[in-house]
Amino acid sequence: MQPKPILVKTQNEPKKNVINAPSRVVSRPDNLEGGEETEIAAQIHVPQDGGWGWVVVFAAFFCVFILDGITFTFGSLLNDISKDLSVASSLIALVNSIAIAIYFIAGPLASALINRFGFRTCVMSGSILSSVSLFIAYFANNYTSFCLFYGVFAGFGFCLVNMASGLVVGFYFEKFRTLALSIATSGSSLGIMLLFPLNTYLVNLAGWRTTTLLHSGLIGVTYFLGMTFQPLLSFTVVKTTEDPTRTVTYLPNLSAAAMKATVSRTNADDLVPTKTERLFGAVSNLNFPTAAAVVEDGATPSSTQPGTSTGPISKLTLTANAPHGGISQRQLKQVKSIISRSSVQDKTKKAIEITVNVEPPKKTSCWGRLCRWEEEVPQSRPMYRDDAFYEGKLEKLPAYQKSKIATDQSKTGLEYQLAVSRAATTADLGEKRGIFTTAVRRVLATMMDPKLLRKKSFLSLCCAGLMIYVGYMVPYVFIKPRNVLAGLDKDHCTMMVSSIGFANFVGRLILGGVAFKVSPLKVYVFAMLVSGVVTILSDLSFNLYFQYVYCFVFGFFVASAASLRSLVIVSLYGLDNLTNATGIIMLFQGFGSLVSTPAASILIDTYGYSVAFYVSGLFITVGGLILIPISRLAIREQKLNTPSERRASSDRK
């Protein structure tokens, strides 16, 4: 029996055969045959691994360049703002600490909004909010208004732009993902390196208000950079059944690999186990099956009883969602290549129906094409992917290795995407109005789920992050005034902050590469201990070369505080817990940043710069020491979670 050919349907052209494969192409789930009900769906994004993806990397690089170049060089404006507003420097330092704290603390909310509205909309909205806020701060004549607009509103706008710019790159690449992410995140280090001397020059020339006005314009540029974050070609995996009373649920308290589908006759459209705890009116991603689980479950008839099922057989459909303006011939060829080399067809043991709806591009003016925001794709839920925050090599992940074995290809096709993408409910996909929809609440529930805090190892990791970020910002803000007071040349003191930024750039690349060969936790511990110790010892000598060496060593090793976070989490708790762990750790890092520079400023006013740097280095060092036993604790906790260990523990009690 010959397999069905893939059919490509356009608006103005008849159907035609394209390739021999047991598949057909569908444009929307609505096109399913009458009497069927969509039970479960998951969105699979198709990475480009080049082409327009490098434009996205370029745009993300400059977004991060501008954001961190502004927020981490606030020390160049500190004294001038303090004198102008006649406010203590500790209170002015608090304003930037609030902005950076919101930068981290609002990360889960920004991620949830990205899941609801997409990368492009969030970058553009954040750009408008932060640019307007800095513009209003330019006119501020009192501390309250300056704190509100420069700290709170601009901080949230920064967060939207930063989260979207940092995450979008990973969706455009598979093979070159590590390289692309390294280029994009290096914008932070280079922004600090170049903007600190520029800010210092402008403050001396025209004052902090003119410099802030320039920053407002630079942030406005990210609006146009965000326009490059175009929707990707994607698939929607939909499982349907002819019986509208049948729905799929998944057993609670099981890992993704152990989830087994059961079928119940109910009209509910939620895939949520009844005993699962809810947060923000939703449950976390771990309570939903992966798309791979949906595909594998679709291989057999749905039945709760062993033996031959007499009920309706579930049907699996792959839907190709072309980007706005239609699908190119290159993209169409990519679709056929992915389907033909995928093992999905073998898993289902039956034909998969696939259709591509090719729409002709809409004619718009040049201005219309420039300012058109991303049109909402109801099935697009980027934050339902387990690897959204992962910055390491995909080859290191068990899911990726398994997908390569399954296909025996250099490219994994759909296999890896299916393994890391969580399913969405029909109610979720149907919500097209409002802000705090299921798409938002589910991501918040995932990132803020406190279950991980029950693990002593994870609580220690969070406390370490808090302490490290209490000391993290002090050298960036106060190294210049300390060294100027010690008698060093002002120009050299300005370049010392730039040297921290340059060393940070080098450290991201080298330490990231070392972490692929050695345990990322060991690299992280060593880097934090070195950063803390050299900060404590930084005032042993105010020789010019000694201070340059300190700045380089500190900048090189402190780079791991941000660049190795996802690798450490995955190595300890697995990819499934990455999103949850990242959300909670960002809260602790945000609270540490909130305390950092205001506390240091108070110490400087009371005891001098030496004590402030001692305390800063001590916090970073203690944070590194806390990290040392975490690996053993995590292994012990993992063993205690096995059934045999739990039984043995209960017997001992």
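Residues numbered from 1 in each chain as written. Predicted model: local features only at pLDDT ≥ 70, side-chain atom pairs only at ≥ 80, totals over all residues. Heavy atoms only, no water.

To keep things clear, this is the line we draw: UniProt positions are given in the numbering used here, feature names are shortened, and annotations may be inferred rather than shown by experiment.
In the annotation of an unreviewed UniProt entry, the entry for the protein chain reads (African queen) hypothetical protein, and the organism field reads Danaus chrysippus. On record in UniProt, under Subcellular location (unreviewed entry), the comment for the protein chain is "Membrane".

**What about the packing of aromatic side chains?**
The following threshold applies: Pairing of aromatic side chains requires ring centres within 6.5 Å, counting the rings of Phe and Tyr and the six-membered ring of Trp. Pairs whose planes differ by under 30 degrees are stacked, by over 60 edge-to-face, and all others tilted. To sort residues, take the accessible area from a 1.4 Å probe on protein chains only and compare it with the maximum for the residue type: under 20% means buried, over 50% means exposed, and anything in between is partly exposed. Whether a charge sits over a ring comes down to the Lys NZ or Arg CZ being within 6 Å of the ring centre and within 35 degrees of the ring normal.
Inspection of the entire model under this criterion finds 26 aromatic pairs. Ring geometry for Tyr-138 versus Phe-139: centroids 4.8 Å apart, planes at 85°, classification edge-to-face. Relative accessible area serves as the criterion here: at 24%, Tyr-138 is assigned to the partly exposed category. Joined through ring pairs, the aromatic side chains of Phe-72, Tyr-103, Phe-104, Tyr-469, Tyr-472, Tyr-476, Tyr-550 and Phe-554 make up one cluster. Lying across the ring of Phe-613, Arg-482 places its NZ or CZ 4.1 Å from the centre.

**Re empty space enclosed by the protein**
Spelled out, the test is: Points on a 1 Å grid over protein atoms alone make up a cavity when a 1.4 Å probe fits among them but cannot get out, and a pocket when they form an open set with protein on both sides within 12 Å along at least five of seven lines; lining residues each have an atom within 4 Å of a point. Grid points are joined across faces, edges and corners, and a volume is the space filled by probe spheres set on the points. In this classification, Asp, Glu, Lys and Arg are treated as charged, Ala, Val, Leu, Ile, Met, Phe, Trp, Tyr, Cys and Pro as nonpolar, and every other residue, Gly included, as polar. Helix numbering and strand numbering both begin at the N terminus, where a helix is a DSSP run of H or I of at least 4 residues and a strand a DSSP run of E of at least 2.
Going through the model one piece at a time under the given rule, you end up with eight cavities of 30 Å³ or more. Along the walls of the largest cavity sit 31 residues, with Asn-162, Thr-185, Glu-391, Ala-562 and Arg-565 positioned nearest its centre. Across the lining of the largest cavity, the residue classes tally to 16 nonpolar, ten polar and five charged. The volume enclosed by the second largest cavity comes to roughly 80 Å³. In terms of lining residues, the second largest cavity is bounded by Leu-461, Gly-465, Tyr-524, Ala-561, Arg-565, Val-568, Ile-569, Ile-585 and Gln-589. Elements represented by at least two residues in the lining of the second largest cavity include exactly α17 (456–472), α23 (565–573) and α24 (578–607). With three residues, the top contributor of residues to the lining of the second largest cavity is α23.

**Notes on the side chain of Asp-387**
In plain terms, the rule: Any N or O atom pair separated by 3.5 Å or less is treated as a polar contact, with the protein-specific requirement of one donor-capable and one acceptor-capable atom, and with residues adjacent in sequence counted only for side-chain atom pairs.
By secondary structure assignment, the location of Asp-387 is in the loop between α12 (366–371) and α13 (398–407). Overall, the relative accessible area of 0% leaves Asp-387 in the buried class. Only 2.8 Å separates the side chain of Asp-387 from the side chain of Arg-385, close enough to count as a polar contact.

**Things to note about unusual backbone geometry**
Positive phi outside glycine occurs at Ser-86, with the angle close to 55°. Inspection of the secondary structure assignment puts Ser-86 in the loop between α2 (75–85) and α3 (89–105). Relative accessible area serves as the criterion here: at 66%, Ser-86 is assigned to the exposed category.

**Examining the side chain of Ser-189**
How we decide: Only heavy atoms enter the contact rule, under which two residues are in contact if any of them lie within 4.5 Å.
Summarising the element assignment, Ser-189 is placed in helix α7 (residues 177–206). Side chain to side chain, Ser-189 and Arg-508 meet in a polar contact 3.3 Å long. What Ser-189 contacts, discounting residues up to four positions off in sequence, is Gly-501, Asn-504, Phe-505 and Arg-508.

**Section: the packing of helix α1 (residues 52–71) against helix α8 (residues 208–226)**
Let me state the cut-off plainly: Under this scheme, a helix contributes an axis fitted over its contacting stretch, all axes are lines through C-alpha atoms, and angles between N-to-C directions fall in the 0 to 180 degree range. Just so you know how the angles are binned, under 35 degrees is roughly parallel, over 145 roughly antiparallel, 65 to 115 roughly perpendicular, and the rest oblique. Take the far helix as the reference: if the near one is turned anticlockwise from it by less than a right angle, the crossing is left-handed, and if turned clockwise, right-handed.
Remark: α1 packs on α8, axes separated minimally by 10 Å, with the N-to-C direction vectors making an angle of 160°. Between α1 and α8, the crossing angle belongs to the class labelled roughly antiparallel. Taken as a pair, α1 and α8 cross one another with a handedness that is left-handed. In this structure, α1 uses Ala-59, Phe-62, Cys-63, Ile-66, Leu-67 and Ile-70 to contact α8, whose residues at the interface are His-215, Leu-218, Ile-219, Val-221, Thr-222 and Leu-225. Looking at the contact of α1 with α8 residue by residue, the classes come out as ten nonpolar, two polar and no charged.

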